[in-house]
Amino acid sequence: GAGVSQSPRYKVAKRGQDVALRCDPISGHVSLFWYQQALGQGPEFLTYFQNEAQLDKSGLPSDRFFAERPEGSVSTLKIQRTQQEDSAVYLCASSFLLDWDSIQYFGAGTRLSVL
Amino acid sequence: AQKITQTQPGMFVQEKEAVTLDCTYDTSDQSYGLFWYKQPSSGEMIFLIYQGSYDEQNATEGRYSLNFQKARKSANLVISASQLGDSAMYFCAMREGRGAGSYQLTFGKGTKLSVIP
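Basis of the calculations
Throughout this document, residue positions are counted from 1 along each chain, in the order its sequence is written. Here the convention is simple: chains get letters from A, ligands get numbers from 1, in the order in which they are written. In view of the model being predicted, local features appear only for residues whose pLDDT reaches at least 70, and side-chain atom pairs are presented and counted only at 80 or more, with totals across whole chains, interfaces and linings using the full set of residues. Values shown for side chains rest on all heavy atoms present in the structure; no hydrogens or waters enter the calculation. Secondary structure elements are defined from DSSP: runs of H or I of at least 4 residues count as helices, runs of E of at least 2 residues count as strands, and each element is numbered from the N terminus. We call two residues contacting when some pair of their heavy atoms lies within 4.5 Å. Throughout this description, a polar contact denotes any pair of N or O atoms lying within 3.5 Å of each other; where both atoms belong to protein, one of them has to be capable of donating a hydrogen while the other can accept it, and for residues adjacent in sequence the pair is counted only when both atoms sit in side chains. A pair of aromatic rings is counted whenever rings of Phe, Tyr or Trp (Trp by its six-membered ring) have centres within 6.5 Å, and the orientation is called stacked for planes under 30 degrees apart, edge-to-face for over 60 and tilted otherwise. Note on geometry: a ring has a charge over it if NZ (lysine) or CZ (arginine) is within 6 Å of the ring centre and within 35 degrees of the ring normal. A pair of strands counts as paired when DSSP detects no fewer than two bridges linking them. Lines are fitted to the C-alpha atoms to define the axes, a helix being fitted only along its stretch in contact, and any angle between axes, read from their N-to-C directions, falls within 0 to 180 degrees.

1. Some thoughts on the side chain of Asn76 of chain B
Then step 1. Relative to the helices and strands, Asn76 of chain B is located in strand β9 (residues 74-79).
Then step 2. Leave out the neighbours within four places in its chain, and Asn76 of chain B touches Thr20, Leu21, Asp22, Cys23, Trp36, Ser65, Leu66 and Asn67 of chain B.

2. What to know about the side chain of Gln6 of chain A
Residues and elements named next belong to chain A.
Then step 1. Its location among the elements puts Gln6 in strand β1 (residues 5-7).
Then step 2. Among the polar contacts made by the side chain of Gln6, one reaches the main-chain carbonyl oxygen of Tyr90 at a distance of 2.9 Å.
Then step 3. Within the local environment of Gln6, its side chain forms a polar contact with the backbone nitrogen of Gly109, the two atoms lying 3.0 Å apart.
Then step 4. Sequence-distant contacts of Gln6, defined by excluding residues within four places in its chain, comprise Arg22, Trp34, Tyr90, Leu91, Cys92, Gly107, Ala108, Gly109 and Thr110.

3. Focus: the packing of aromatic side chains
Then step 1. Considering all chains together, one arrives at 14 aromatic pairs over all chains under this definition.
Then step 2. On the basis of an interplanar angle of 75° and a centroid distance of 6.1 Å, the ring pair of Phe106 of chain A and Phe107 of chain B is categorised as edge-to-face. Of the two residues, Phe106 of chain A is situated in strand β10 (residues 105-106) and Phe107 of chain B in strand β11 (residues 106-107); the pairing between them involves two chains.
Then step 3. Put simply, the rings of Phe33, Tyr35, Phe45, Tyr48 and Phe106 of chain A together with Tyr37, Phe47, Phe91, Tyr103 and Phe107 of chain B pair up and form one aromatic cluster.
Then step 4. Its guanidinium or amino end placed over the ring of Tyr64 of chain B, Arg63 of chain B lies 5.6 Å from that ring's centre, counting from NZ or CZ.

4. A word on the sheet that holds β1 of chain A
Residue and element names in this part refer to chain A.
Then step 1. Spatially, β1-β3-β8-β7 is the arrangement adopted by the four strands of the open sheet, whose pairing is antiparallel. Among the strands making up the open sheet, the edge pair consists of β1 and β7 (65-68). Direction aside, the axes of adjacent strands within the sheet are offset by 15° on average.
Then step 2. Note: strand β3 (residues 19-24) against strand β8 (residues 75-79), five bridges, orientation antiparallel. Across the sheet, the residue bridging to Cys23 is Ser75, located in β8.

Next comes the structure, spelled out in structure tokens:
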């Protein structure tokens with residue numbers, strides 16, 4: 001596709017439920033990033049991949065959060081045993097290279113509501 | 001300390017007028033990049049403009065320009081000839097350093113711009 005695609009756009013989960021959020025980056029983009037955006041805030045970094053390698057996961061808030069990109073294209077962010085504080089918009093971004101001025105292009109996000 | 005500070009939670013501008021959105025940043029790195037993104041109500045973050053710390057000229061992209069004042073650590077976004085479609089949240093972001101693991105963006109809290117007909 002022409003842009004970064006994320007699914008689902010909206011997800012409602014009961015507390016304790018596991019969820020999986022999908023990101024389909026721009027074709028050919030090497031780098032993939034996940035960010036979390038709380039209501040009224042700017043996005044905050046979670047993790048990033050270069051191809052299939054997860055090179056930085058320092059932003060993941062707890063061990064309930066797990067991300068993978070097994071074939072270096074589509075990525076999945078999984079949240080186990082969801083809590084109310086996990087409610088946020090999860091944004092995925094991709095960039096062609098890891099050069100200094102590579103632009104990150106974002107998807108429309110998945111809005112997660114944990115009840 | 002906040003790395004990116006956007007002091008204007010909300011701004012109003014008359015259609016066809018110019019508007020400046022403020023952004024100050026805090027870093028001890030010599031190499032860094034500054035970005036502006038637009039986020040309409042649909043949620044997607046749309047890239048607008050980029051300025052590298054070593055760029056001597058202010059960046060411009062169509063109606064967008066970045067007023068980069070390195071000594072003051074400010075990177076204000078100027079939108080000329082505002083249009084109704086410019087109504088959105090605007091985020092300033094920074095990427096620091098050149099080492100491994102330094103590719104993530106740090107965002108400010110954003111400014112909500114409303115364009116009045």
